[in-house]
Amino acid sequence: MSPRATAAAIVCLLAASVTAGTVEALDSATELLVRYLRIDTSNPPGNEAAAARFLAAELHRQGVTTRLLVSPAERTSLYARLDGGPTAQGTLVLLHHMDVVPPGPGWTAEPFAGERRDGFVWGAGAVDDKSLGIAHLLACLELHRRGGALAHHVVFLAVADEETGGSQGSGWLIERHADLFEDVVAVWTEGGSNRTFDGRVHWWGVEVAQKRPLWLELTTEGKPGHGSKLDLHTAPHRLVRSLDRLLERPRVYRVTDEARLYFSAIDAIGGGFGNGWLPRLEEAIAAGRAESTLRPGQHNLFLDTFQITRLESGRQVNAIPRRARALVDVRVLPDTDSDALLAELRATLGPEVAVEVLLEAPAVEPSPIDTKLWDCVETVLGGRAPVVPTFIAGVTDARYFRQRGIPAYGLSPFTIGPGDAYGVHGVDERISIEVFETGVERMIELVRGCSLPEERPAARGGAR
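Conventions and cut-offs
Residues numbered from 1 in each chain as written. Predicted model: local features only at pLDDT ≥ 70, side-chain atom pairs only at ≥ 80, totals over all residues. Heavy atoms only, no water. Helix = DSSP H or I, 4+ residues; strand = E, 2+ residues; numbered from the N terminus. Rg over C-alpha atoms; globule rule 2.2 N^0.38 Å. Buried < 20%, exposed > 50% of the residue type's maximum accessible area, 1.4 Å probe, protein only. Contact = heavy atoms within 4.5 Å. Areas by Shrake-Rupley, 256 points an atom, 1.4 Å probe, with all protein chains shown as cover. Lys, Arg positive; Asp, Glu negative; His and termini not counted. Charge placed at Lys NZ, Arg CZ, Asp CG, Glu CD. Pairing = 2+ DSSP bridges. Axes fitted to C-alpha atoms, helices over the stretch in contact; angles between N-to-C directions. Polar contact = N/O pair within 3.5 Å; in protein donor to acceptor, adjacent residues only side chain to side chain. Parallel < 35°, antiparallel > 145°, perpendicular 65-115°, else oblique. Disulfide = S-S within 2.5 Å. Left-handed = near helix turned anticlockwise from the far one by under 90°. Nonpolar A, V, L, I, M, F, W, Y, C, P; charged D, E, K, R; others polar. Salt bridge = Lys/Arg side-chain N within 4 Å of Asp/Glu carboxyl O. pLDDT = per-residue confidence, 0-100. Expected span 1.5 Å × (residues − 1). Arc of directions from axis to C-beta.

(A) Quick peek at the overall build of the protein chain. Each helix and strand in the protein chain was counted, giving 13 helices and 18 strands. Compactness check: the protein chain gives a C-alpha radius of gyration of 24 Å against a globular reference of 23 Å for 464 residues, within 12% of the reference. Across its three principal axes, the protein chain shows a C-alpha extent of roughly 75 × 50 × 45 Å. Among the 464 residues that make up the protein chain, the fraction classed as buried is 55%. Within the protein chain, residue pairs in contact and separated by at least 24 positions form 79% of the contacts whose partners lie at least 6 positions apart. Counting only carbon and sulfur atoms, one obtains 52% of the accessible surface of the protein chain, whose full area is about 20100 Å². Averaged over its 48 positive side-chain charges, the protein chain has a centre that lies 2 Å from the centre of its 60 negative ones.

In structure tokens:
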């Protein structure tokens, strides 16, 4: 039997076992998601304590002990650990965040009603990140109900504050409660990017590397006065001119090691880019033709990006304000020298602009793909489609663990198509009930297959 056929057989056996043993849990999965979405965890302020109590109650109902960990800013995270026994080799952490971006205007559903409509569950956090949290919760409860020894201790971790940088969630936890993470062999969290066409998975994108945040606050000041005056040096005018210079800054494309790993893996499985695509891209970059060579959505992986996300100045149309302010979401490539880029940006913006760094992160190495847990993920998922080590433009809490040398992976069990993710950080966020329930089952299958010694499949072998 071929390695792929062997993997497929293992997956079928595991799926049959999971389906038979977790019918009740899967039946309640959507109801749990609905209840979770009804808790308004808009950040700011977060209100994660209510969400943590909801999740803790479900764990307590099954006899799982939990800990509520509260940061100095009174932001609550939830920690629960399943002891794997004396033979367990390290800890696997299942991490998701409870907070959501505050929903803006334009929704056609109530953002915190958990409405079921047209085969979907609608609500802020339906994709980012409460659906993953319920999948993690039910996977942990399945292990707890089964009992016995585990290949790893398993931790359920629901954190606060991810959407505004994570300093009061994962960042604080790993700094102040480092003992909880001493023996962690892997963190599975958000950031997985599965490629789906026409309802079929072409590859599982497991995130191993990401861009880094460099969030900036830009402030200008000027003389206030009456709006009828001719004054080209007001605070708003100074800010607008500086932002124009920022937007007109030349875009510098380059291929990083992280992008090379990602796109080479896609090429190796016949992912549609064709052999020699990366060398051709590098030729196009050298010739100044990167803009026309890259496909939509790819540009973010080959350059540092700047997005103006908030503008504030004044209250009246006929009054010149004293101050103007902008927030800029800068995402830098993994090997960008942030200090050098920041110095360049200050020069570009000019001396009239005060620049404050709101959030930054150091360069880190990608998470490794030569571990037993990576092999297990490849084996369990690989029977359906190849597993690709993915590089993403987004930023997640995985970076806090990588900074400590802990492998972290963005791993999504959901087959969400390109059109279904548009509501994330936007309007009408929703997830298909079918996709969600199948994903929950898949996460249970993954956690069982990689945690139960008697069910843990052998590595498929072959090139990665």
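(B) Structural context of the sheet that holds strand E10 (residues 212-221). As summarised here, the arrangement of the 4 strands in space is E12-E14-E10-E15, forming an open sheet in which the pairing is antiparallel. What marks the edges here is a single partner per strand, and that holds for strand E12 (305-312) and strand E15 (354-360). For this sheet, the mean angle separating the axes of adjacent strands, direction not counted, is 20 degrees. As judged from the 6 bridges shared by E10 and E15, these two strands associate in the antiparallel manner. Within E15, the residue paired with Trp215 across the bridge is Leu359.

(C) Inspection of the environment of Glu142 at higher detail. Mapped onto the secondary structure, Glu142 falls in helix H4 (residues 130-146). Owing to a relative accessible area of 6%, Glu142 belongs among the buried residues under this scheme. Along the backbone, Glu142 and Arg448 are 306 residues apart, and their C-alpha atoms lie at a distance of 8.2 Å.

(D) Layout of the side chain of Ser412. Here Ser412 shows up in the loop between strand E17 (408-410) and strand E18 (430-432). Judged by its relative accessible area of 16%, Ser412 falls in the buried class. Looking at Ser412, its side chain comes within polar contact range of the main-chain nitrogen of Phe414, at 3.1 Å. Those residues in contact with Ser412 that sit more than four places away from it in its chain are Gly192, Asn194 and Trp204.

(E) Expanded view of the packing of helix H7 (residues 257-268) against helix H8 (residues 277-286). Where H7 contacts H8, the two axes come as close as 10 Å, and the packing angle between them is 135 degrees. One way to sum up the angle between H7 and H8 is to call them oblique. In this structure, H7 uses Arg260, Phe263, Ser264 and Asp267 to contact H8, whose residues at the interface are Trp277, Leu278 and Glu282.

(F) Here's a closer look at the state of the cysteines. Applying the stated criterion across every chain yields a total of 1 disulfide. Here Cys140 stays free of any disulfide, with the sulfur of Cys450 as its closest cysteine sulfur at 13 Å.

(G) Representation of the packing of helix H11 (residues 372-382) against helix H13 (residues 433-451) within the structure. With their axes 10 Å apart at the nearest point, H11 and H13 run at an angle of 135 degrees to one another. Viewed along their axes, H11 and H13 adopt a mutual orientation that is oblique. Taken as a pair, H11 and H13 cross one another with a handedness that is right-handed. From H11, Leu373, Cys376, Val377, Val380 and Leu381 reach across to H13, where they touch Arg442, Glu445, Leu446, Gly449 and Cys450. Class assignment for the residues of the contact of H11 with H13 results in 7 nonpolar, 1 polar and 2 charged.

(H) Representation of the pattern of salt bridges in the model. Counted according to the given criterion, the structure contains 22 salt bridges. The salt bridge involving Arg325 is made with Glu312; its shortest N-O contact spans 2.7 Å. Residue Arg325 is located in strand E14 (residues 323-332), and its partner Glu312 is located in strand E12; the two are separated by 13 residues in the primary sequence. Since its relative accessible area comes to 21%, Arg325 is described here as partly exposed. Given the relative accessible area of 28%, Glu312 is considered partly exposed. What emerges from the salt-bridge pattern is a single network uniting Glu217, Arg310, Glu312 and Arg325.

(I) Spatial organisation of the confidence of the model for the protein chain. For the protein chain, the mean per-residue pLDDT works out to 91, and 91% of the residues sit at or above 70. With pLDDT under 50 throughout, residues 1-23 is counted as low confidence; its partners more than four residues away or in other chains account for 32 contacts. Confidence over residues 459-464 falls short of pLDDT 50; this stretch has 13 contacts with residues more than four positions distant or in other chains.

(J) Local environment of the pairing of E14. Within E14, 8 of the 10 residues are buried, which leaves it mostly tucked inside the rest of the structure. As judged from the 10 bridges shared by E10 and E14, these two strands associate in the antiparallel manner. By the bridge assignment for E14, Leu218 is matched with Ala326.

(K) Structural view of helix H3 (residues 48-61). Between the first and last C-alpha of H3 there are 20 Å, a value that for 14 residues agrees with the 20 Å anticipated at 1.5 Å per step. Listing the buried residues of H3 in full gives Glu48, Ala50, Ala51, Ala52, Phe54, Leu55, Ala56, Glu58 and Leu59. Gly63, located one to two residues past H3, shows a positive phi value of around 85 degrees.

(L) Geometry of helix H6 (residues 235-247). For H6, which comprises 13 residues, the first-to-last C-alpha distance of 18 Å matches the rise-based estimate of 18 Å (1.5 Å per residue) to within 8%. The complete set of buried residues in H6 reads Ala235, Leu239, Ser242, Leu243 and Leu246. The buried residues of H6 occupy an angular sector of 100 degrees when projected down its axis, which confines them to one face. Where the residues of H6 are buried, they touch E10, E12, E14 and helix H10 (338-349).

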